[in-house]
Amino acid sequence: MALYLGVMSGTSLDGLDIALVDQQTGHLQLLASHYLPMPPTLRQSLLALCTPGGDEIARAALAENAWARLAAQGIRRLLAQQQLEPSHVRAIGSHGQTIRHEPARGFTVQIGNPALLAELTGIDVVADFRRRDVAAEGQGAPLAPAFHDWLFRDLASHVAVLNVGGFTNVSLIDDGQAVRGFDCGPGNVLMDAWIQQQKGAAFDQAGQWAASGQVHPPLLARLLAAPFFSGTGPKSTGREVFNLPWLQQQLNGLQVAAHDVQATLLELTARSVVDALKRAQNETSHVLVCGGGAHNGALMQRLQTLLPGAQVASTQAWGVDPDWMEAMAFAWLAHCCLERIAGNRPTVTGAKGLRVLGALYPA
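Residues numbered from 1 in each chain as written. Predicted model: local features only at pLDDT ≥ 70, side-chain atom pairs only at ≥ 80, totals over all residues. Heavy atoms only, no water.

Enquirer: Mind showing me how you'd approach the overall build of the chain here?
Expert: When helices and strands are counted, the chain shows 14 helices and 12 strands. At 19 Å, the chain has a C-alpha radius of gyration in line with the 21 Å of a compact globule built from 363 residues. Sequence separation of 24 or more characterises 68% of the internal contacts of the chain that already satisfy a separation of 6 or more. For the chain, the accessible surface area stands at approximately 14900 Å², while carbon and sulfur atoms represent 50% of it. Taken together, the 25 basic and 29 acidic charged side chains of the chain have centroids lying 5 Å from each other. (Helix = DSSP H or I, 4+ residues; strand = E, 2+ residues; numbered from the N terminus. Rg over C-alpha atoms; globule rule 2.2 N^0.38 Å. Contact = heavy atoms within 4.5 Å. Areas by Shrake-Rupley, 256 points an atom, 1.4 Å probe, with all protein chains shown as cover. Lys, Arg positive; Asp, Glu negative; His and termini not counted. Charge placed at Lys NZ, Arg CZ, Asp CG, Glu CD.)

This is the structure in structure tokens:
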């Protein structure tokens, strides 16, 4: 057995996903998983770091220490549940928390103090996966397509693996072609922000609130007019572009009921994905959905309606739990780093070539 842990904290800032995997030659098995909700104070600290503010260096240092302690707590619990010692795990693949992502300006920032995480767990940590790709003039994102390709390449042709987290990204897998992929736009980030502001809820359970409203065409047109949607991959995005103040700007001068805004935001997520797929892979046969969006019944139904020629289903139907896909991906990327295997794909990120991703922090 070659055991790895993957720790993923995404743009939704809802919590930490921790996956324990057995990485064997040509095969990966999810053995156990653990989820830790993000403490509200830490969530607010991390969210505030996504926009410029005072005393950022100190605030970022304190926030990443808290993040590392939370991750270490979850890892210790998971190992105890599995009756494993730290020495049984070869490495932790830690994504950290993205607080800024601006590859056009040559940088991406993920915090999570991997040195402290190694100290607290007694396990080697591989972190800082994205900056090596950006150094090679790539987007640094998305990184999951290499893993999706490795996982699903032999299962079917014309496959799209769609991750719907805070943002959406897609991996395109075709026979005889290198995997392609890119960010499509907002996933849950705007829907979560809107329902939190309007109703105090963390997210729209199964898309029920969105389903109660009607799409507002003028608002949808304004949202889809964002320059990001007209570009083709490689491309990536984040909270720097799509956020609640941006949504409020698009609402200026419009009278839209709150639940109709939510319905329109769901339509934005679905339309941006479908429009991107039709441009990049018009003959898509299967759309495999992972991330929190796989549980949004209204979104899944809308995607299927807009893609009548494809089968839209959770990755669960293909034997992979949608909730743990990204954490598994970073466990796999840690393995790739230690084995000196390239973890990026230039056809996805636009980097000048294949690169080994990640930096090692020994325990």
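Next, the rest of the story.
Enquirer: Would you take a moment to explain the state of the cysteines for this structure?
Expert: Chemically, a disulfide is nothing more than a covalent bond linking the sulfur atoms of two cysteines. Inspection of the entire model under this criterion finds 0 disulfides. Cys184 supplies the cysteine sulfur nearest to Cys290, a cysteine that is in no disulfide, at a spacing of 12 Å. Here Cys337 is not cross-linked by a disulfide; its sulfur's nearest cysteine counterpart is in Cys336, at 8.8 Å. (Disulfide = S-S within 2.5 Å.)

Enquirer: Please explain the UniProt feature "binding site: ATP" (unreviewed entry) in the chain as it appears in this structure.
Expert: UniProt feature "binding site: ATP" (unreviewed entry): in the numbering of this structure it lies at Gly10, Thr11, Ser12, Leu13, Asp14, Gly15, Leu16 and Asp17. Mapped onto the secondary structure, Thr11 falls in the loop between strand 1 (3–9) and strand 2 (15–24). When near neighbours in sequence (up to four residues on either side) are disregarded, Thr11 contacts Gln97, Gly166, Phe167 and Arg239. Relative to the assigned elements, Ser12 resides in the loop between strand 1 and strand 2. Apart from residues no more than four positions distant in its own chain, Ser12 is found in contact with Arg43, Gly166, Asp192 and Arg239. (UniProt positions renumbered as here; feature names shortened; annotations may be inferred.)

Enquirer: I'm lost on the side chain of His216 in this one. Help?
Expert: Looking at the secondary structure, you find His216 in the loop between helix 7 (208–211) and helix 8 (217–224). If we ignore the near neighbours within four places in the chain, the residues touching His216 are Leu254, Gln255, Val256 and Thr264.

Enquirer: Before we go on, may I ask you to explain the pairing of strand 5 (residues 107–111) in this structure?
Expert: Side-chain direction in a regular strand flips from residue to residue, so the side chains alternate between the two faces of the sheet. For strand 4 (residues 89–102) and strand 5, the ladder comprises 5 bridges, and the chain directions are antiparallel. Its bridge partner being in strand 5, Thr98 is matched across the sheet by Gln110. Once strand 4 ends, the chain turns through 4 residues before running back antiparallel as strand 5, passing Gly106 with a positive phi of about 85 degrees. (Pairing = 2+ DSSP bridges.)

Enquirer: Any chance you could explain the sheet that holds strand 7 (residues 159–164) here in plain terms?
Expert: Hydrogen bonds along the backbone pair up the strands of a sheet, which may run parallel or antiparallel. A sheet is described by the order of its strands in space; here 5 strands give the open sequence 9-8-7-10-11, paired in mixed fashion. A strand with exactly one partner marks an edge of an open sheet, and here the two such strands are strand 9 (180–186) and strand 11 (311–314). With strand direction ignored, the average angle separating the axes of adjacent strands in the sheet is 20 degrees. Across 6 bridges, strand 7 lies against strand 8 (residues 167–173) in antiparallel orientation. Bridge pairing in strand 8 links Val164 to Thr168. Sheet contacts for helix 5 (residues 144–152): strand 7, strand 8, strand 9 and strand 10 (286–290); angle to strand 8, the most-contacted strand, approximately 45 degrees. (Axes fitted to C-alpha atoms, helices over the stretch in contact; angles between N-to-C directions.)

Enquirer: In this structure, what is going on with the packing of aromatic side chains? I would like to understand it.
Expert: To describe a pair of aromatic rings, one takes the distance between the centres and the angle between the planes. Going through the model one piece at a time under the given rule, you end up with 9 aromatic pairs. A network of ring pairs unites the aromatic residues Phe228, Phe229, Phe242 and Trp246 as a single cluster. It is Lys235 that lies over the ring of Phe228; its NZ or CZ is 4.2 Å from the centre. (Phe/Tyr/Trp six-rings, centres within 6.5 Å; stacked < 30°, edge-to-face > 60°. Lys NZ or Arg CZ within 6 Å of the ring centre and 35° of its normal.)

Enquirer: Help me understand unusual backbone geometry, please; the structure alone is not making it clear to me.
Expert: Across the chain, the bulk of peptide bonds are trans and the bulk of non-glycine residues have phi less than zero. That bond from Ala141 to Pro142 is cis: its omega, -10 degrees, falls within 30 degrees of zero. The residue Asn113 is not glycine, and still its phi comes out positive at about 40 degrees. On the secondary structure map, Asn113 appears in the loop between strand 5 and helix 3 (114–121). Of note, Glu137 is a non-glycine position whose phi angle comes to about 70 degrees, a positive value. With respect to the helices, strands and loops of the structure, Glu137 is situated in the loop between helix 4 (131–135) and helix 5. The exposure class assigned to Glu137 is exposed, which follows from its relative accessible area of 57%. (Buried < 20%, exposed > 50% of the residue type's maximum accessible area, 1.4 Å probe, protein only.)

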